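Residues per chain are reported as follows:
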Amino acid sequence: MSSRPIGVLDSGVGGISVLKHIHALLPHENLMYVADSKYAPYGNKTPEEIIARCMTIADFLIAQHVKVLVVACNTATAAAIGAMRETYDLPIIGMEPAVKPAAEATKNGVIGVLATVGTLQSAQFAALLESYGRNVRVVTQGCVGLVECIERGELDAPETRALLEKYLKPLLAEGADTIVLGCTHYPFVKAQIQHIVGENVTLIDTGAAVAKQLKNKLEEKGLLSTSREKAKVHFWTNSEAENAEQVTEKLWGNHVDEHRL
Ligand code: DGL
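Okay, so let's go over this structure. From a predicted model like this one, the values you see are computed outputs, not experimental measurements. (Residues numbered from 1 in each chain as written. Predicted model: local features only at pLDDT ≥ 70, side-chain atom pairs only at ≥ 80, totals over all residues. Heavy atoms only, no water.)

As a further point, take the layout of surface pockets. Reported here for the largest pocket is a volume of approximately 330 Å³. Along the wall of the largest pocket there are 23 residues; nearest its centre are Tyr 42, Gly 43, Asn 44, Val 117 and Gly 118. Breaking the lining of the largest pocket down by element, the ones donating at least two residues are helix 2 (47–63), helix 3 (74–87), helix 5 (117–120) and helix 7 (146–151). Looking at the second largest pocket, its volume works out to about 290 Å³. Surrounding the second largest pocket, 13 residues form its lining, Lys 230, Ala 231, Val 233, Trp 252 and His 255 being those nearest its centre. Each residue belonging to the lining of the second largest pocket can be placed in one class, and the counts come to five nonpolar, five polar and three charged. (1 Å grid on protein atoms, 1.4 Å probe; cavity = no way out; pocket = protein on both sides within 12 Å on 5 of 7 lines; lining within 4 Å. Points joined across faces, edges and corners; volume = space filled by probe spheres on them. Helix = DSSP H or I, 4+ residues; strand = E, 2+ residues; numbered from the N terminus. Nonpolar A, V, L, I, M, F, W, Y, C, P; charged D, E, K, R; others polar.)

Here it is in structure tokens:
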């Protein structure tokens, strides 16, 4: 059982930002990553639509004998993780915007949250604010269109930069000194964001924390791989873009053989 792979899913290529942390922390774990790019973005879909997509991908990964699932998507976690945990009996790790660490890190008491509209409108996000956002001012910003730019691999294109400036402006105007990257696509434009907001603003994302949580869960369940071999990382996508594999390679930072779903 412990030699089985770890399944990681996202609406598209964003979860690769989490996959990198997982691979760095657990270099002997075989990984299977599914990008549901044909159906991205999830951020403007109903919870029912997102649940249906997540179930389809989870069924696929479970058929590949994964030992655990990582929902490397804030939007999908908010919409679907409850239904997934009711349906499947393997461990499922999800993620949520880093409001708690941001509330601890802020010096002036103003934090910004960049996320999808779906995440910001979810009951889970409301509960997160209720638990950890009480003593700080939280300025939220839904980033419509940004995921699509990153899906195309356009990290530095004029359209991407214009969207980032538009979405960061209100957070800066409110004086946020800490900004949460509440969508797994956004770490891929972290440098561009930092350039706009300046070095004095702290950017926080959850990839490293998710990898750590995954490691703890595998330890707790006795599922850590005992292999000392270099892990295999397999990528699947249902993207219809001709350059899908190049985008994956650009974000992963290495050669990949991407399978079509
Ligand atoms: N990567 C996703 C997230 O973390 C969702 C992006 C989307 O498909 O809208 O929220």
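After that view of the structure, there is still more to cover.
Further remarks concern the pattern of salt bridges. A complete count under the given rule lists nine salt bridges for this structure. Note that Glu 29 and Lys 67 form a salt bridge whose closest N and O atoms lie 2.6 Å from each other. Remark: Lys 67 occurs in the loop between helix 2 and strand 3 (68–71) and Glu 29 occurs in the loop between helix 1 (16–25) and strand 2 (31–35); sequence separation between them is 38 residues. Here Glu 29 falls in the buried class, since its relative accessible area comes to 2%. Notably, a salt bridge pairs Arg 152 with Glu 154, separated by 3.1 Å at the nearest N-O pair. Taking relative accessible area as the criterion, Arg 152 reaches 37% and is therefore assigned partly exposed. Judged by relative accessible area, which is 29%, Glu 154 ranks as partly exposed. Within the structure, one salt-bridge network assembled from shared partners comprises Arg 152, Glu 154 and Glu 159. (Salt bridge = Lys/Arg side-chain N within 4 Å of Asp/Glu carboxyl O. Buried < 20%, exposed > 50% of the residue type's maximum accessible area, 1.4 Å probe, protein only.)

On to the sheet that holds strand 6 (residues 137–142), then. Sheet strands pair by backbone hydrogen bonding; their relative direction is either parallel or antiparallel. Overall, parallel pairing links the four strands, which are arranged 6-5-7-8 in an open sheet. The sheet is open, and its two edges are formed by strand 6 and strand 8 (202–204), each paired on a single side. Averaged over all neighbouring strand pairs, the angle between strand axes comes to 20 degrees, with direction disregarded. As paired strands, strand 5 (residues 110–115) and strand 6 are joined by six bridges and run parallel to one another. Within the sheet, the bridge partner assigned to Val 110 lies in strand 6 and is Arg 137. Where helix 9 (residues 190–197) meets the sheet, it contacts strand 5, strand 7 (178–181) and strand 8, and its direction lies at approximately 150 degrees from that of strand 8. (Pairing = 2+ DSSP bridges. Axes fitted to C-alpha atoms, helices over the stretch in contact; angles between N-to-C directions. Contact = heavy atoms within 4.5 Å.)

Once that is clear, we can look at the sheet that holds strand 3. Strand order in the open sheet formed by six strands is 4-3-1-2-9-10, with parallel pairing between adjacent strands. At either margin of the open sheet sits one strand with a lone partner, and together these are strand 4 (92–93) and strand 10 (258–260). Here strand 1 (residues 6–10) pairs with strand 2 via five bridges, running parallel. Across the sheet, Ile 6 pairs through a bridge with Leu 31, a residue of strand 2. Lying over the sheet, helix 2 contacts strand 1, strand 2, strand 3 and strand 9 (233–237), oriented at roughly 160 degrees with respect to strand 1.

A few words now on the nonpolar core. Generally speaking, nonpolar side chains in soluble globular proteins are found buried as a group. Judged by nonpolar contacts, the single largest core of 51 residues is most densely connected at Ile 6, Ile 22, Leu 114, Ile 179, Tyr 186, Ile 193 and Leu 214. Other than its neighbours up to four places away in sequence, Ile 22 contacts Val 8, Leu 31, Val 70, Ala 211 and Leu 214. Judged by nonpolar contacts, the second largest core, of 22 residues, contains Val 66, Leu 69, Met 84 and Ile 92. (Core = buried A, V, L, I, M, F, W, Y, C linked by side-chain atoms within 4.5 Å.)

Scope: geometric values only; no functional claims are made or implied.
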